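So you can see what is in the structure, the chains are spelled out below.
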Amino acid sequence: VNGDAMRIGVLGAGRMAEGLVPHWLKAGHDVMIGGRTPEKARDLATWLGARHGSLRDAADFGEVILLAVLHAGVDSTLRGAGAGDGALAGKVLIDCTNPVEVERFTLTTAPGTSVAEEIAAATGANVVKAFNQVHFHVWLRGARYHDEPLVVPIAGAEAAKAPVFELVRDAGGQPLDAGGTEQALHLEAMAAVIIRLLYGGADPLSAFQLTTGAERPSIAA
Ligand SMILES: NC(=O)c1ccc[n+]([C@@H]2O[C@H](COP(=O)([O-])OP(=O)(O)OC[C@H]3O[C@@H](n4cnc5c(N)ncnc54)[C@H](OP(=O)(O)O)[C@@H]3O)[C@@H](O)[C@H]2O)c1
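Quick look at the structure, then. (Residues numbered from 1 in each chain as written. Predicted model: local features only at pLDDT ≥ 70, side-chain atom pairs only at ≥ 80, totals over all residues. Heavy atoms only, no water.)

## Quick look at the side chain of Thr-77
Turning to step 1, where the next piece is worked out: For Thr-77, the location among the structural elements is in helix α4 (residues 74-80).
Turning to step 2, where the next piece is worked out: Judged by relative accessible area, Thr-77 falls into the buried class, the value being 5%.
Turning to step 3, where the next piece is worked out: Leaving out residues up to four positions away in the same chain, Thr-77 has contacts with Leu-11, Leu-55, Leu-67 and Val-69. (Helix = DSSP H or I, 4+ residues; strand = E, 2+ residues; numbered from the N terminus. Buried < 20%, exposed > 50% of the residue type's maximum accessible area, 1.4 Å probe, protein only. Contact = heavy atoms within 4.5 Å.)

This is the structure:
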């Protein structure tokens, strides 16, 4: 799937889909949005100029899958997408979900594991954690800071990284390989810190503004 137009199936018709899908359509990819509420998937897809269908339709359509539902809905969404029938096995699956409760801002996953790993076990997909670090408004506004692209850390299956790197660049970000599947839980924990700051009133566009600094002289120079 690398280097060419990809077929992307989006599971979830919410704000993350709204932020990312327009970039991927503009880059020439073919996108189908599926959701638990068919009218919401249809309305969002129609508005953005994408295809729409059921969760299972989107799972079957995509060679790359974006899972973009609230954490509480992950299990039922995967069931609806046909995970039990192997519909997602071997596919590239981007997991942007954040298992964070918003009273004390702690992870709701069992200690030592991540949603990304749970999804990999439940689906047999090549799962990568990505796009879970910044508010969706960053994608709507454009992910450039100090005239450099925002760094987007990715952790997960090696087999999925090349296409996901491309989709990060298409969305305006700079991909950063943050390691294997065992690192996904750390990206989930980073998001807990960020979500707490956002709920405390931080600007949704603030992110951590991590950039490579490639266009500036290094401190050592
Ligand atoms: N919003 C952000 O800025 C942001 C940034 C980074 C990561 N994330 C993560 O990305 C994921 C999607 O966030 P979002 O803001 O796009 O969410 P959202 O707009 O609230 O909803 C996205 C989708 O989740 C579905 N959903 C919600 N609860 C569900 C449940 N109990 N069972 C099945 N489906 C359910 C919704 O279905 P219905 O339409 O049927 O309600 C909707 O299609 C979340 O895990 C979030 O933590 C969000």
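That covers the picture; the talk isn't over yet.
## What to know about the layout of surface pockets
Empty space among the atoms can be located by rolling a probe the size of a water molecule over them.
Turning to step 1, where the next piece is worked out: Size it by volume and the largest pocket reaches roughly 1100 Å³.
Turning to step 2, where the next piece is worked out: Taken together, 37 residues make up the lining of the largest pocket; nearest its centre are Arg-15, Met-16, Val-69, Leu-70 and His-71.
Turning to step 3, where the next piece is worked out: When contributions to the lining of the largest pocket are tallied by element, the ones reaching two or more residues are α1 (15-26), α4 and α8 (184-199).
Turning to step 4, where the next piece is worked out: Counting residues per element, the lining of the largest pocket draws most heavily on α8, which supplies five residues.
Turning to step 5, where the next piece is worked out: When grouped by side-chain class, the residues that make up the lining of the largest pocket number 19 nonpolar, 14 polar and four charged. (1 Å grid on protein atoms, 1.4 Å probe; cavity = no way out; pocket = protein on both sides within 12 Å on 5 of 7 lines; lining within 4 Å. Points joined across faces, edges and corners; volume = space filled by probe spheres on them. Nonpolar A, V, L, I, M, F, W, Y, C, P; charged D, E, K, R; others polar.)

## What to know about the pairing of strand β5 (residues 92-95)
Turning to step 1, where the next piece is worked out: By the alternation rule, side chains of β5 split into Val-92 and Ile-94 and Leu-93 and Asp-95, which are all buried.
Turning to step 2, where the next piece is worked out: Sheet topology places strand β4 (residues 64-67) next to β5; four bridges connect them, and they run parallel. Bridge pairing in β5 links Ile-65 to Leu-93.
Turning to step 3, where the next piece is worked out: A crossover links β4 with its parallel partner β5, the connecting element being α4, and its sense is right-handed.
Turning to step 4, where the next piece is worked out: Judged from the four bridges that link them, β5 and strand β6 (residues 126-129) form a sheet pairing that is parallel. Each residue of the ladder has a partner; that of Asp-95, found in β6, is Lys-129. (Pairing = 2+ DSSP bridges. Right-handed = clockwise from strand over helix to strand, strands pointing away.)

## Some points on the site of the ligand
Turning to step 1, where the next piece is worked out: Not every one of the 23 residues close to the ligand is listed here, only the nearest: Met-16, Arg-36, Thr-37, Val-69 and Phe-136.
Turning to step 2, where the next piece is worked out: Separating an oxygen atom of the ligand from a backbone N or O atom of Met-16 is a distance of 2.8 Å.
Turning to step 3, where the next piece is worked out: Between an oxygen atom of the ligand and a main-chain N or O atom of Asn-98, the distance comes to 3.3 Å.
Turning to step 4, where the next piece is worked out: Relative to its unbound accessible area of 890 Å², the ligand is 84% covered by the protein chains.
Turning to step 5, where the next piece is worked out: A majority-of-atoms criterion places the ligand in the largest pocket.
Turning to step 6, where the next piece is worked out: Elements supplying a minimum of two residues to the shell around the ligand: α1 and α4.
Turning to step 7, where the next piece is worked out: Taken together, the residues that form the shell around the ligand break down as nine nonpolar, eleven polar and three charged. (Near = heavy atom within 4 Å. Polar contact = N/O pair within 3.5 Å; in protein donor to acceptor, adjacent residues only side chain to side chain. Areas by Shrake-Rupley, 256 points an atom, 1.4 Å probe, with all protein chains shown as cover. Sits in = over half its atoms within 2 Å of the grid points.)

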